Amino acid sequence: MPAMEVVILGSGTSHGVPVIACDCDVCRSTDKKDKRTRASLLVRHAGLEIVIDTAPEFRLQAVREGISRLDALLYTHPHADHLHGIDDIRPLTRKNPATVYASRETLNELTRRFDYIFTRTQKGGGKPRISLEEIPPTGIDLEGLEIRPVPILHGELPIYGYRLGNTAYLTDCSRIPESSYPLLEGLELLIIGALRFRPHPTHFSIDEARAAAKRIDAEKTLLTHLCHDASHEEIRAYLSRDRDKKIEPAYDGLCLRVGI
């Protein structure tokens, strides 16, 4: 079966972990798995490198993972922690422009917020070289990898998750519409946002994400977009009590090979 490589570029929430000016146990932790940059994903398939969201730490993430090209860039929504690393794709698009796929609303916000990319400016400094394409509901095919948007809700804000082959990435999710569950059938890997144990109005809690994961019934589930309320080991230990389904916390740099 054809396979692809999935890499967690970042597993943290909008503040990142450690949080600025915080001296909690998790922020002072020496465990590398507790160092959480803002949430994003890398997929390598058939020589292509595909990124979902450009976190503010994208430069550091790209250097760490040896990203050498950018063939496609998918955006889930235009919040700062998912978009504001876009300028750091400049070295990856110098020779070959990348295509950016997202909802029309996200593309409109991108062009408004980063208008310098799309206007004529003086030479020097450089700009990301990108083309914008609204991703259709039926998705796209990149070298045999089917990529389809999965509508989800981030509080009251409609955003996209993505299904890439047998993997789905649903960050910043607080509710999955009934109409989206059929798009998530037969998954090998589910990566889903789970902010913390306490409830939050715009994000799944860990238990809410677990409930959604059990309904989706992927072979493996990773929790991402984690805040500093709990350490990697605390979350892992809590999840290990559930023998019905293997669910684990993600961490920066985690790499998996999955089928497409």
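Our subject is the structure that appears above.
Residues numbered from 1 in each chain as written. Predicted model: local features only at pLDDT ≥ 70, side-chain atom pairs only at ≥ 80, totals over all residues. Heavy atoms only, no water.

A.B. asks: Could you clarify how one ought to interpret unusual backbone geometry in this entry?
C.D. replies: Peptide bonds are trans in most cases, and residues, glycine excluded, mostly fall at negative phi. Residue proline 18 is reached from valine 17 by a cis peptide bond, and omega for that bond is 5 degrees. When you line up the elements, proline 18 lands in the loop between strand E1 (3-10) and strand E2 (40-45). The residue alanine 21 is not glycine, and still its phi comes out positive at about 65 degrees. Mapping alanine 21 onto the fold places it in the loop between E1 and E2. A positive phi angle, close to 65 degrees, is found at aspartate 217, a residue other than glycine. In this structure, aspartate 217 sits in the loop between helix H5 (206-216) and strand E12 (220-224). For aspartate 217, a relative accessible area of 46% translates into the label partly exposed. (Helix = DSSP H or I, 4+ residues; strand = E, 2+ residues; numbered from the N terminus. Buried < 20%, exposed > 50% of the residue type's maximum accessible area, 1.4 Å probe, protein only.)

A.B. asks: Just checking my understanding: could you explain the side chain of serine 174 for this structure?
C.D. replies: Residue placement: serine 174 occurs in the loop between strand E10 (167-170) and strand E11 (189-193). Of the polar contacts made by the side chain of serine 174, one reaches the backbone nitrogen of glycine 155; its length is 2.7 Å. Residue contacts for serine 174: discarding those within four places in its chain leaves Leu153, His154, Gly155, Pro201, Thr202, His203 and Phe204. (Polar contact = N/O pair within 3.5 Å; in protein donor to acceptor, adjacent residues only side chain to side chain. Contact = heavy atoms within 4.5 Å.)

A.B. asks: Which parts of the structure should I look at to understand helix H6 (residues 232-239)?
C.D. replies: Side chains that are three or four residues apart share a direction in an α-helix, a result of its 3.6 residues per turn. For H6, every residue scored as buried is listed here: His232, Ile235 and Leu239. The buried residues of H6 occupy one face: seen down the axis, they fall within an arc of 70 degrees. Considering only its buried residues, H6 is in contact with H5, E12 and strand E13 (247-249). (Arc of directions from axis to C-beta.)

A.B. asks: Is there a simple way to think about empty space enclosed by the protein in this case?
C.D. replies: If a probe as big as a water molecule is rolled over the atoms, it shows which places are left empty. Tallied over the entire structure, the rule returns 1 cavity of 30 Å³ or more. In this structure, the largest cavity spans a volume of roughly 30 Å³. When the residues that make up the lining of the largest cavity are grouped by side-chain class, the tally is 6 nonpolar, no polar and 2 charged. (1 Å grid on protein atoms, 1.4 Å probe; cavity = no way out; pocket = protein on both sides within 12 Å on 5 of 7 lines; lining within 4 Å. Points joined across faces, edges and corners; volume = space filled by probe spheres on them. Nonpolar A, V, L, I, M, F, W, Y, C, P; charged D, E, K, R; others polar.)

A.B. asks: Before we go on, may I ask you to explain the sheet that holds strand E5 (residues 98-102) in this structure?
C.D. replies: The strands making up a sheet associate through backbone hydrogen bonding, with each pair oriented either parallel or antiparallel. Strand order in the open sheet formed by 7 strands is E6-E5-E4-E3-E2-E1-E14, with mixed pairing between adjacent strands. Where the open sheet ends on each side, the last strands, each with one partner, are strand E6 (130-134) and strand E14 (255-259). When the angles between neighbouring strand axes are averaged without regard to direction, this sheet yields 25 degrees. In the sheet, strand E4 (residues 72-74) pairs with E5 via 3 bridges, with the strands oriented parallel. In the sheet register, alanine 72 faces E5, and the bridge partner there is threonine 99. On the sheet, helix H1 (residues 58-65) packs against E1, E2 and strand E3 (48-52) and is oriented at approximately 135 degrees with respect to E1. The strands that helix H4 (residues 104-113) touches are E5 and E6; relative to E6, the one it contacts most, it runs at about 150 degrees. (Pairing = 2+ DSSP bridges. Axes fitted to C-alpha atoms, helices over the stretch in contact; angles between N-to-C directions.)

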